[in-house]
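# Coordinate analysis (summary)
In case you want the letters, here they are:
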Amino acid sequence: MDGTLQDLNDLYFYAAVVEHAGFSAAGRALGIPKSRLSKRIARLEERLGVRLLQRTTRRFVVTEVGDRFYQHCRAMLEEARAAQDAIDELRTEPRGILRISCPVSLVTSLLAPVLPAFLKAHPKVQVRLLSSNRRVDVIGEGYDVAIRVRDKLDTDATMILRSFGQTRSLLVASPAFLGHYGHPSRPEQIADWPALSMFEVEGPQQWELISESGEKVMQPIQPRLVTGDFSALLQAAVQGVGVGLIPQDACAPLIASGQLEVVLPTWETPQGTLHFVYPSRRGMLPAVRSFVDFLARRLPEIQQARRTESCDNRPPQALIDG
């Protein structure tokens, strides 16, 4: 290790002098005499062989090399504080309010089965869960964690993203419906079928379907029901109103029970990434850290269990990798 940085306290003192724009203010903040600080910084400059500060009776100026050195000092100190925070958080019992947002279907299929276990393990945490398909502004609206499904992941530097699996939607219909309309082999054959759509948009709609060979078809549909409420879509599908494109995690139990069947099993929809996002780790409260670690451990297990439920009732080519 370079002997010029033997005492890391000097980096701490130097950063304080820069941040307080002078030795007097820094000395008062640190509880150290101004003369002592000045000597420490002078020895630091001597060891480094550069001038970090220009000091006169009237001016206090950080040199160009001094500013670059300060940026590294600040980064080192932030990491040191983060390391201390990590230890403190492990020693602190999670408590307080935890605000979470989650799409409606994932609340039912993934979050609801595991949330009671988290609450029992952390009795001092209060969870406030928003069950909504709208995209929330995590920081702007004050949420701690948001669970999402996206084809393309966000690249926001202020947020941490952790994925926990993949998902697709399945084309499903009731056995009675298929008994009347038949079992299609290509997307074009469902063009005139009554459709159940989860895409709440005005105007014409189409579903993107991909064959085993990679052929992509944008199939126009005739919606009879348009809603983001998956329970309404599922009920309509079970009762034979139409063919629905519904997330696999939501319809898997009904496929397993035989109430729904997969339509066009050799065709798939684009894959989406299941993930959750939360603000930068630095300063994360114990309740948030505990919940994030809990989700990372339990959600993949629940997702796999849900998919296994429907495996026996679907052709092998219709299975979706997690």
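In the annotation of an unreviewed UniProt entry, the chain is listed under the name Transcriptional regulator and assigned to Frateuria aurantia. In its Sequence similarities (unreviewed entry) section, the UniProt entry covering the chain states "Belongs to the LysR transcriptional regulatory family."

Moving on to the packing of aromatic side chains. Under the definition given, this model contains nine aromatic pairs. Between Y12 and F13, the ring centres sit 5.9 Å apart and the planes meet at 45°, which makes this aromatic pair tilted. Take Y12: its relative accessible area is 35%, and that puts it in the partly exposed class. The buried category is assigned to F13, whose relative accessible area is 8%. An angle of 50° between the planes, with centres 5.5 Å apart, marks the rings of Y14 and F69 as tilted. Residue Y14 is located in helix 1 (residues 9-19), and its partner F69 is located in helix 4 (residues 64-91); the two are separated by 55 residues in the primary sequence.

A few words now on the pattern of salt bridges. Close approach of charged atoms lets side chains of opposite charge pair. Enumeration over the complete set of coordinates arrives at ten salt bridges. For the salt bridge of R47 with D10, the shortest nitrogen-to-oxygen distance reads 2.5 Å. Taken together, the positions of R47 in helix 3 (residues 34-48) and D10 in helix 1 put the pair 37 residues apart, joining distant regions of the chain. Classification of D10 by relative accessible area gives buried; the value is 2%. Measuring nitrogen to oxygen at the nearest pair gives 2.7 Å for the salt bridge that ties E141 to R134. The partly exposed category is assigned to E141, whose relative accessible area is 36%. Several salt bridges share partner residues, and in doing so they unite D10, R40 and R47 into one network.

On average, the chain scores 84 in pLDDT, and the residues at 70 or more come to 89%. Within the model, pLDDT remains below 50 along residues 312-322, and this stretch shows 27 contacts once partners closer than five positions in the same chain are excluded.

All right, on to unusual backbone geometry then. If you check the backbone angles, A21 has positive phi at about 55° while not being a glycine. Inspection of the secondary structure assignment puts A21 in the loop between helix 1 and helix 2 (23-30). Owing to a relative accessible area of 52%, A21 belongs among the exposed residues under this scheme.

What follows covers the nonpolar core. One broad trend across soluble globular proteins is that nonpolar side chains are buried collectively. Within the largest apolar cluster, 27 residues are counted, with the highest numbers of intra-cluster contacts made by V145, I147, F276, F291 and L295. Where this core is concerned, the elements lending two or more residues are strand 3 (96-102), helix 5 (104-121), strand 5 (145-150), strand 6 (159-167), strand 14 (272-279) and helix 9 (286-311). Tallying contributions element by element places helix 9 first for this core, with eight residues. Contact partners of I147, with chain neighbours within four places excluded, come to S101, C102, P103, L106, L111, F164, H275, F276 and L295. Counting residues in each nonpolar core, the second largest holds 19 residues, with V17, V18, L44 and F69 among its members.

Criteria and thresholds
- Residues numbered from 1 in each chain as written.
- Predicted model: local features only at pLDDT ≥ 70, side-chain atom pairs only at ≥ 80, totals over all residues.
- Heavy atoms only, no water.
- UniProt positions renumbered as here; feature names shortened; annotations may be inferred.
- Phe/Tyr/Trp six-rings, centres within 6.5 Å; stacked < 30°, edge-to-face > 60°.
- Buried < 20%, exposed > 50% of the residue type's maximum accessible area, 1.4 Å probe, protein only.
- Helix = DSSP H or I, 4+ residues; strand = E, 2+ residues; numbered from the N terminus.
- Salt bridge = Lys/Arg side-chain N within 4 Å of Asp/Glu carboxyl O.
- pLDDT = per-residue confidence, 0-100.
- Contact = heavy atoms within 4.5 Å.
- Core = buried A, V, L, I, M, F, W, Y, C linked by side-chain atoms within 4.5 Å.

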